[in-house]
Amino acid sequence: MCGIIGYIGNSDATPVLIDGLKKLEYRGYDSSGVGVIDSTKDRIIVRKSSGKISNLENLIRTKPVGKSSIGISHTRWATHGAPTTVNAHPHLDGSGKIVIVHNGIIENYETLKTALKKQGHTFKSDTDTEIVSHLIEKYYKGNLRAAVGRAVRDLEGAFALGVISTHEPDKLIAARIGSPLIIGLGKKENFIASDVPAILDKTRKIIYLKDGEMAEITKDKVDVFNFAGKKVNAKVHTITFNIDAVKKQGYPHFMMKEMHEQADVIQKMIKARIGKTGIALDGIGLTQKQLSSFKKIIILACGTAYHAGMVGKYVIEKLAKIPVSVDAASEFRYRDPIVDRKTLVIAISQSGETADTLAGVREAKRRGARVITICNVVGSSIVRESDGVLYTHAGPEISVASTKAYTAQIAMLYLLAFKLAGPAKKEIKKLISEFKKVPALYKDILKNKAEIARVAKKNSHFGCFLFLGRNVNYPSALEGALKLKEISYIPAEGYAAGEMKHGPIALIDEYRAVVCVAVKSDVYEKMISNIQEIRARKGKIIAIATKGDKEIDKHVNYVIHVPKTSDLLTPLVVALPLQLFAYYVAVKLGCDVDQPRNLAKSVTVE
Ligand code: F6R
């Protein structure tokens, strides 16, 4: 949520900043800006624009900022204040000598703003961020790092900050609590950024700034301190993933590329986690005995990850017979949950930075639970606060709509369920061998994508969709609906098919389309009955059905076939055609697939 990049070195800062911003645009894209210190070292030049980064680029083309060796920049997902140019970052202080970018929310900004106004400060924007530049101005007594260190002590909430000043024009200051910030170490140049992809083509040597830490960065040196000013030994990590992972590699959208990557992601997981002697889930730091000693499991997650958690509930309860509840993380912490030392809490998060999930993890730990996280981003905040981690290693997910992270999360939950149930059992062994076939099934589905595109295009005119599924595919219906609504903006609701008669059926007429997950399973006949009910009311039906099922053709308008697998594994298989369906509808409607309006990739505000 919001992306930051900062640069100090011998190159011209602005192109580096713009290039990095483009790679962070998935974090927010309602306005953007750069602030650089010009070559006289006496003047800060700021350019800001509402809308996408291309608007900022155009602005800089018509109003160049000149050469500079130090700068900060920002792409915004608005929280406080509309997405206007004046509210875009960077924000200057009153003197025009200090400029900052910020990711996060300053919760006590109103109180601070009122106090600063009384002291004579005037503000231009409606943002919470602007007060930070004024606080630094207030505390500046000849040492920029000390002024930032003092200012952050007044702040409540979450922040990652980048600060530069003409007072000390050869220094970049960074600080963080609660919002991610990394430092990239180059040769005679250094960087700050919200995420690795922004600087991956410049350096692979990274310091992950921790909560409560700040850094003083020059082109030759990086020093990390805690907020009390004590020097900290920061670990330098080497990023190993390939730079191609953050490029489209010829695909029209990141979403399409990431849907294609799902077979490889699951294949790698199988190779790494399923051995001759069992399922390797080392990162959780629990023995099989400890794992089996939990009396219940609570899954915490948001959005798509929440839907993955719901699949996990069906699978773990069925195979391991442990009660599982799934909480939207944003609800969990406020509902006085019953959690104790016999509870295993599993947080699921692609980014590992989602504020609601992080708050849920903290609450669960406070109540004595053991917390493990299923996460994609190595070293992220949620991982750091958990007792154990299962990395999905799906590679960077750039498209705002989650695809490969979702199937990787589900796959990891299957592995956990196999482990809890005892992988040596005959029934589990059979499932494991079916599970190993999933990557090949994805390849089959992708061969059929032209047909899915045809069905999607034929139905893209509908103004409203229902998605129905039963049992383990009820979450699939929820996720199918979420994918469609977030990238095409068509209202879409997911329901347990049996619930349709309790309300949603009122929606059905010839102007509604209903996507039914009707793969062969124990509940197939029930699903067919629901399909009949829709047909009787003239709704248009698109079925996701098992290859070879001829029966279904009689009842529905369109069929998208998926290969056969075990009933319990079907959510993994139906996920891909549902993603493709949403994708092709959105493309047909001319929507911005990778960057849907109002959304951001990692939601670091509550
Ligand atoms: C939807 C989507 C979101 C995320 C949610 C949680 O496609 O991506 O619903 O799933 O914001 O994000 P993470 O998994 O990063 O915690």
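Residues numbered from 1 in each chain as written. Predicted model: local features only at pLDDT ≥ 70, side-chain atom pairs only at ≥ 80, totals over all residues. Heavy atoms only, no water.

J.: How do you make sense of the overall build of the protein when you look at a structure like this?
T.: Along the protein, the regular secondary structure elements total 19 helices and 27 strands. Taking 606 residues into account, the globule formula puts the C-alpha radius of gyration at 25 Å, and the protein, at 25 Å, falls close to it. Seen through its principal axes, the protein has C-alpha atoms that stretch 75 × 55 × 45 Å. For the protein, the proportion of its 606 residues judged to be buried stands at 61%. When contacts within the protein are restricted to residue pairs at least 6 apart in sequence, long-range pairs at least 24 apart make up 71% of them. Counting every atom, the protein has about 23400 Å² of accessible surface; 51% of that belongs to carbon and sulfur. For the protein, the centre of its 90 positive side-chain charges and the centre of its 62 negative side-chain charges are spaced 4 Å apart. (Helix = DSSP H or I, 4+ residues; strand = E, 2+ residues; numbered from the N terminus. Rg over C-alpha atoms; globule rule 2.2 N^0.38 Å. Buried < 20%, exposed > 50% of the residue type's maximum accessible area, 1.4 Å probe, protein only. Contact = heavy atoms within 4.5 Å. Areas by Shrake-Rupley, 256 points an atom, 1.4 Å probe, with all protein chains shown as cover. Lys, Arg positive; Asp, Glu negative; His and termini not counted. Charge placed at Lys NZ, Arg CZ, Asp CG, Glu CD.)

J.: For this particular structure, what's the right way to read the side chain of E258?
T.: Here E258 shows up in helix α6 (residues 254-260). An unpaired buried charge is present at E258: no salt bridge exists, and K404, the closest side chain of opposite charge, is 5.1 Å distant. A polar contact is formed between the side chain of E258 and the backbone nitrogen of I398, at a distance of 2.7 Å. At 3.3 Å, the side chain of E258 and the backbone nitrogen of S399 are in polar contact. (Salt bridge = Lys/Arg side-chain N within 4 Å of Asp/Glu carboxyl O. Polar contact = N/O pair within 3.5 Å; in protein donor to acceptor, adjacent residues only side chain to side chain.)

J.: Looking at this structure, I do not really get the environment of M527. What am I missing?
T.: Its place among the elements puts M527 in helix α18 (residues 524-536). By relative accessible area, M527 is classed as buried at 2%. Sequence separation between M527 and A497 is 30 residues, and the spatial gap between their C-alpha atoms is 7.0 Å. Dropping the residues within four chain positions of it, M527 is found in contact with L468, G469, R470, A497, C516, V517 and A518.

J.: Please clarify how the packing of helix α1 (residues 13-24) against helix α2 (residues 53-62) should be interpreted in this entry.
T.: Each pair of packed helices can be described by the angle between their axes along with the distance between the axes. Axis separation between α1 and α2 bottoms out at 10 Å; the angle between their running directions is 165 degrees. In this view, α1 runs roughly antiparallel relative to α2, as classed from their interaxial angle. Every pair of crossing elements has a handedness; the one defined by α1 and α2 is left-handed. Here T14, I18, L21 and K22 of α1 come into contact with α2, specifically with I53, L56, E57 and I60. (Axes fitted to C-alpha atoms, helices over the stretch in contact; angles between N-to-C directions. Parallel < 35°, antiparallel > 145°, perpendicular 65-115°, else oblique. Left-handed = near helix turned anticlockwise from the far one by under 90°.)

J.: Is there a simple way to explain the sheet that holds strand β12 (residues 213-217) in this structure?
T.: In a beta sheet, neighbouring strands pair by backbone hydrogen bonds and run either parallel or antiparallel. The strand order across the open sheet formed by seven strands is β5-β6-β7-β8-β12-β13-β14, and the pairing between neighbours is antiparallel. The open sheet has two edge strands with one neighbour each: β5 (91-92) and β14 (231-232). When strand β6 (residues 98-106) meets strand β7 (residues 157-165), the two strands line up antiparallel, connected through nine bridges. Bridged to V99 within β7 is I164. Together, β7, β8 (172-177), β12 and β13 (222-226) form the strand contacts of helix α5 (residues 144-152), whose direction differs from that of β7 by roughly 160 degrees. (Pairing = 2+ DSSP bridges.)

J.: Would you mind showing me how to read the sheet that holds strand β15 (residues 237-238) here?
T.: Pairing is antiparallel in the open sheet, where eight strands are placed in the order β3-β2-β4-β1-β10-β9-β11-β15. For this open sheet the edge positions go to β3 (44-50) and β15, each flanked by a neighbour on one side alone. Pairing geometry for strand β1 (residues 3-9) and strand β4 (residues 70-76), over six bridges, is antiparallel. Residue pairing across strands places G3 opposite T75, the latter belonging to β4.

J.: When you look at the site of the ligand in this model, what are you seeing that I'm missing?
T.: Taken together, 13 residues are adjacent to the ligand, and S349, Q350, S351, T354 and E486 come closest. Here an oxygen atom of the ligand and a backbone polar atom of V400 are 3.3 Å apart. In isolation the ligand has 400 Å² of accessible area, and contact with the protein removes 89% of it. Looking at the shell around the ligand, the elements that each hand over two or more residues are α9 (303-320) and α17 (474-488). No other element matches the three residues that α9 contributes to the shell around the ligand. Of the residues belonging to the shell around the ligand, the class tally is four nonpolar, seven polar and two charged. (Near = heavy atom within 4 Å. Nonpolar A, V, L, I, M, F, W, Y, C, P; charged D, E, K, R; others polar.)

J.: Please explain the domain arrangement of the protein as it appears in this structure.
T.: Put simply, an interface is often sized by how much accessible area is lost when its parts join up. Domain annotation of the protein identifies domain 1 (3-240), domain 2 (245-436) and domain 3 (445-606). Inter-centroid distance (C-alpha atoms) of domain 1 to domain 2 is 33 Å. Facing 10 residues of domain 1, the contacting portion of domain 2 comprises nine residues. The largest contributions to the domain 1 side of the interface with domain 2 come from Y26, P197 and Y208, which together make up 43% of the buried area. There are one salt bridge connecting domain 1 and domain 2. For D211, the salt bridge identified is with R362, shortest N-O distance 4.0 Å. Linking domain 1 to domain 2 there are one residue pair in polar contact (both at pLDDT 80 or more). Its residues placed into classes, the side of domain 1 that touches domain 2 shows seven nonpolar, one polar and two charged. (Domains from an automatic or database assignment. Buried area = accessible area lost by both parts, 1.4 Å probe.)

J.: Sorry if this is basic, but what is going on with the packing of aromatic side chains here?
T.: Counting across every chain of the model gives nine aromatic pairs. Centre to centre, the rings of F462 and F465 are 6.2 Å apart; their planes meet at 80 degrees, and the pair counts as edge-to-face. Between Y583 and Y584, the ring centres sit 5.2 Å apart and the planes meet at 80 degrees, which makes this aromatic pair edge-to-face. There is no split in this pair, since Y583 and Y584 are both buried. Taken together, the ring pairs in this structure connect F462, F465, F467 and F581 into an aromatic cluster. Just above the ring of F225 sits the side chain of R145; from NZ or CZ to the centre is 3.6 Å. (Phe/Tyr/Trp six-rings, centres within 6.5 Å; stacked < 30°, edge-to-face > 60°. Lys NZ or Arg CZ within 6 Å of the ring centre and 35° of its normal.)

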